[in-house]
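Coordinates in review
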Amino acid sequence: MAVDELDARLARIGRHPFRAKFRLYGRDRAIVDLRGMAAVRNHAAELIEARLAPAEPRNDGRQTPYRGHPVFVAQHATATCCRTCLSKWHGIPAGRPLHAAEKEYVVEAICRWIAGQYPDGAAPE
């Protein structure tokens, strides 16, 4: 997917009343400030691999907390929190493991949203 397409999709998702409520505050933002986006990107990849990539994730739809890590907040803001939302908002079908390109797409969506929480998208590297 092209960068412009992902940005347009994230903008559309961000207009949904539930998704629009999410912002990085407090401890969640401090993690990005202290560790930088490279570490957050690695965390996102690990979390997606463990919690979202399997064909039938354990507790799907209830496995992603709302707070506690910037990736969790971003997952809800970008509709990448469960396989149902991935299917509905991103067209990635449920019931099968995520392909490598799909995992990269999810991580990119999450990181793009986190960076967008900073002025001019300049999240700490």
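Everything below is about the structure shown above.
In what follows, the accompanying structure is described.

In this structure, Val-32, Ile-48, Leu-98, Val-106, Ile-110, Trp-113 and Ile-114 are the most contacted members of the largest nonpolar core, which totals 31 residues. In terms of residues, this core owes the most to one element, helix H6 (residues 100–116), which gives nine residues. The contacts of Ile-110, once residues within four sequence positions are left out, are Ala-44, Ile-48, Val-71, Ala-74, Gln-75, Thr-78 and Thr-80.

Another point: the packing of helix H3 (residues 26–51) against H6. Two numbers describe a pair of packed helices, the interaxial angle and the distance between the axes. Their axes nearest at 9 Å, the elements H3 and H6 cross at an angle of 150 degrees. The pairing of H3 with H6 is recorded here as roughly antiparallel in orientation. Remark: the crossing between H3 and H6 carries right-handed chirality. Judged by residue contacts, Val-32, Met-37, Val-40, Arg-41, Ala-44, Ala-45, Ile-48 and Glu-49 of H3 engage Lys-103, Val-106, Val-107, Glu-108, Ile-110, Cys-111 and Ile-114 from H6. A class-by-class count of the residues in the contact of H3 with H6 yields 11 nonpolar, no polar and four charged.

Our focus in this paragraph is H3. The end-to-end C-alpha separation of H3 is 24 Å, well short of the 38 Å expected for 26 residues at 1.5 Å each. Approximately 110 degrees is the largest bend angle found in H3, and it occurs at Gly-36. Taken together, the buried positions of H3 are Asp-28, Ile-31, Val-32, Gly-36, Met-37, Val-40, Ala-44, Leu-47 and Ile-48. Those residues of H3 hidden inside the fold are in contact with helix H4 (70–77) and H6.

For the rest of this paragraph, the subject is the pattern of salt bridges. Oppositely charged side chains can pair when the atoms bearing their charge come close. Within the structure shown, the criterion is met by five salt bridges. One salt bridge connects Arg-96 with Glu-102, and the closest N-O pair in it is separated by 2.5 Å. Its salt-bridge partner being Glu-108, residue Arg-112 comes within 2.8 Å of it at the nearest N-O pair. Of the two residues, Arg-112 and Glu-108 both sit in helix H6, four residues apart, roughly one turn of that helix. What you see here is one network of salt bridges that share partners, running through Asp-7, Arg-41, Glu-108 and Arg-112.

As a further point, take the packing of H4 against H6. Where H4 contacts H6, the axes come no closer than 9 Å and their chain directions differ by 100 degrees. With respect to H6, the element H4 is oriented roughly perpendicular. Between H4, through Pro-70, Val-71, Val-73, Ala-74, Gln-75 and Ala-77, and H6, the contact on the second element is made entirely by Ile-110, Trp-113 and Ile-114. When the residues that make up the contact of H4 with H6 are grouped by side-chain class, the tally is eight nonpolar, one polar and no charged.

Parameters at a glance
Residues numbered from 1 in each chain as written. Predicted model: local features only at pLDDT ≥ 70, side-chain atom pairs only at ≥ 80, totals over all residues. Heavy atoms only, no water. Core = buried A, V, L, I, M, F, W, Y, C linked by side-chain atoms within 4.5 Å. Buried < 20%, exposed > 50% of the residue type's maximum accessible area, 1.4 Å probe, protein only. Helix = DSSP H or I, 4+ residues; strand = E, 2+ residues; numbered from the N terminus. Contact = heavy atoms within 4.5 Å. Axes fitted to C-alpha atoms, helices over the stretch in contact; angles between N-to-C directions. Parallel < 35°, antiparallel > 145°, perpendicular 65-115°, else oblique. Left-handed = near helix turned anticlockwise from the far one by under 90°. Nonpolar A, V, L, I, M, F, W, Y, C, P; charged D, E, K, R; others polar. Expected span 1.5 Å × (residues − 1). Bend = angle between axes of the 7 residues up to and from the residue. Salt bridge = Lys/Arg side-chain N within 4 Å of Asp/Glu carboxyl O.

Keep in mind these numbers describe shape, not what the thing actually does.
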